[in-house]
Amino acid sequence: PDPKVREEILAAAERMFAERGYAGTSVQDIIDATSFTKPVLYYYFENKAALYKALVDTAYDETYRLMVEASQRAETLERQLVEIVTAQFEFLIERRNVVQIAIAAAFAAPGEMPENMRDNSKGERNFDFIHALNKKGISKGVLGKDLDSMELALGIYGALSFQVMIYALQ
């Protein structure tokens, strides 16, 4: 397998899905946007749904990687959160299409997306990272002991997600 071929197929699919949506994009559309044949696409991806899921997973995996790296650049919880938010918006600016694809998958009506798009384990992993930072902040006394780490994580992650969605959809 050639990673460059896989990446070229993903790049074409990202453009097509961002422009036309999941239902409005056919495998042939993606093939036409590349120099490859259907058998090559099917060598790398089982079907259109697997290709779309790979893009959604890219969004979650990349944002997780960026959150971890951002938190390691700062000493204080406050700076970690600032670095995380900054990294998320930089990712959004660089990869707006893939963020829009992930948002579309998250908010699709039942039946609009393949069933495997309903797996939210990667989104939960990303949320759990913020939750763990809050728990650590409470245990170290950086955050008030009267705060609920889960409620705080819901507020931070929710506000960040909301702002990313607004910016991505503008």
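As a reminder, the structure under discussion sits directly above these lines.
Notes on the structure follow. (Residues numbered from 1 in each chain as written. Predicted model: local features only at pLDDT ≥ 70, side-chain atom pairs only at ≥ 80, totals over all residues. Heavy atoms only, no water.)

Let's talk about helix 4 (residues 48–72)
Over its 25 residues, helix 4 extends 36 Å from the first C-alpha to the last, a length consistent with the 36 Å expected when each residue adds 1.5 Å. One side-chain oxygen at the N-terminal end of helix 4 lies 3.1 Å from the backbone nitrogen of alanine 49; it belongs to asparagine 47. (Helix = DSSP H or I, 4+ residues; strand = E, 2+ residues; numbered from the N terminus. Expected span 1.5 Å × (residues − 1). Polar contact = N/O pair within 3.5 Å; in protein donor to acceptor, adjacent residues only side chain to side chain.)

Focus on the layout of surface pockets
Each pocket or cavity is described by its volume, and for the largest pocket that value is around 720 Å³. As for the largest pocket, its lining consists of 31 residues, of which Tyr60, Ala102, Ala106, Tyr157 and Ser161 are closest to the centre. Counting residues per element, the ones that place at least two in the lining of the largest pocket are helix 4, helix 5 (77–94), helix 6 (96–107), helix 7 (121–139) and helix 8 (149–169). The element contributing the most residues to the lining of the largest pocket is helix 4, with seven residues. Residue classes in the lining of the largest pocket are distributed as 18 nonpolar, seven polar and six charged. (1 Å grid on protein atoms, 1.4 Å probe; cavity = no way out; pocket = protein on both sides within 12 Å on 5 of 7 lines; lining within 4 Å. Points joined across faces, edges and corners; volume = space filled by probe spheres on them. Nonpolar A, V, L, I, M, F, W, Y, C, P; charged D, E, K, R; others polar.)

Points about the packing of helix 5 against helix 8
Put simply, helix 5 and helix 8 touch, their axes get as near as 11 Å, and they point 25° apart. Viewed along their axes, helix 5 and helix 8 adopt a mutual orientation that is roughly parallel. Handedness of the crossing formed by helix 5 with helix 8: right-handed. In contact with Leu81, Ile84, Val85, Gln88, Phe89, Leu92 and Ile93 of helix 5, helix 8 contributes Ile156, Leu160, Gln163, Val164, Tyr167 and Ala168. Here the residues of the contact of helix 5 with helix 8 sort into 11 nonpolar, two polar and no charged. (Axes fitted to C-alpha atoms, helices over the stretch in contact; angles between N-to-C directions. Parallel < 35°, antiparallel > 145°, perpendicular 65-115°, else oblique. Left-handed = near helix turned anticlockwise from the far one by under 90°. Contact = heavy atoms within 4.5 Å.)

Here's the deal with the nonpolar core
Among the nonpolar cores identified, the biggest contains 52 residues, and Ile9, Phe17, Ile30, Leu51, Tyr52, Ile84 and Val99 are the most heavily contacted of them. When residues of this core are traced back to their parent elements, those giving at least two are helix 1 (3–20), helix 2 (27–32), helix 3 (38–44), helix 4, helix 5, helix 6, helix 7 and helix 8. Looking at which element gives the most residues to this core, the answer is helix 4, with 11 residues. Ignoring any residue separated from it by four or fewer positions in sequence, one finds leucine 51 in contact with Ile9, Leu10, Ala13, Phe17, Ile30, Leu41 and Phe45. (Core = buried A, V, L, I, M, F, W, Y, C linked by side-chain atoms within 4.5 Å. Buried < 20%, exposed > 50% of the residue type's maximum accessible area, 1.4 Å probe, protein only.)

Any link to function would need more than the numbers given here.
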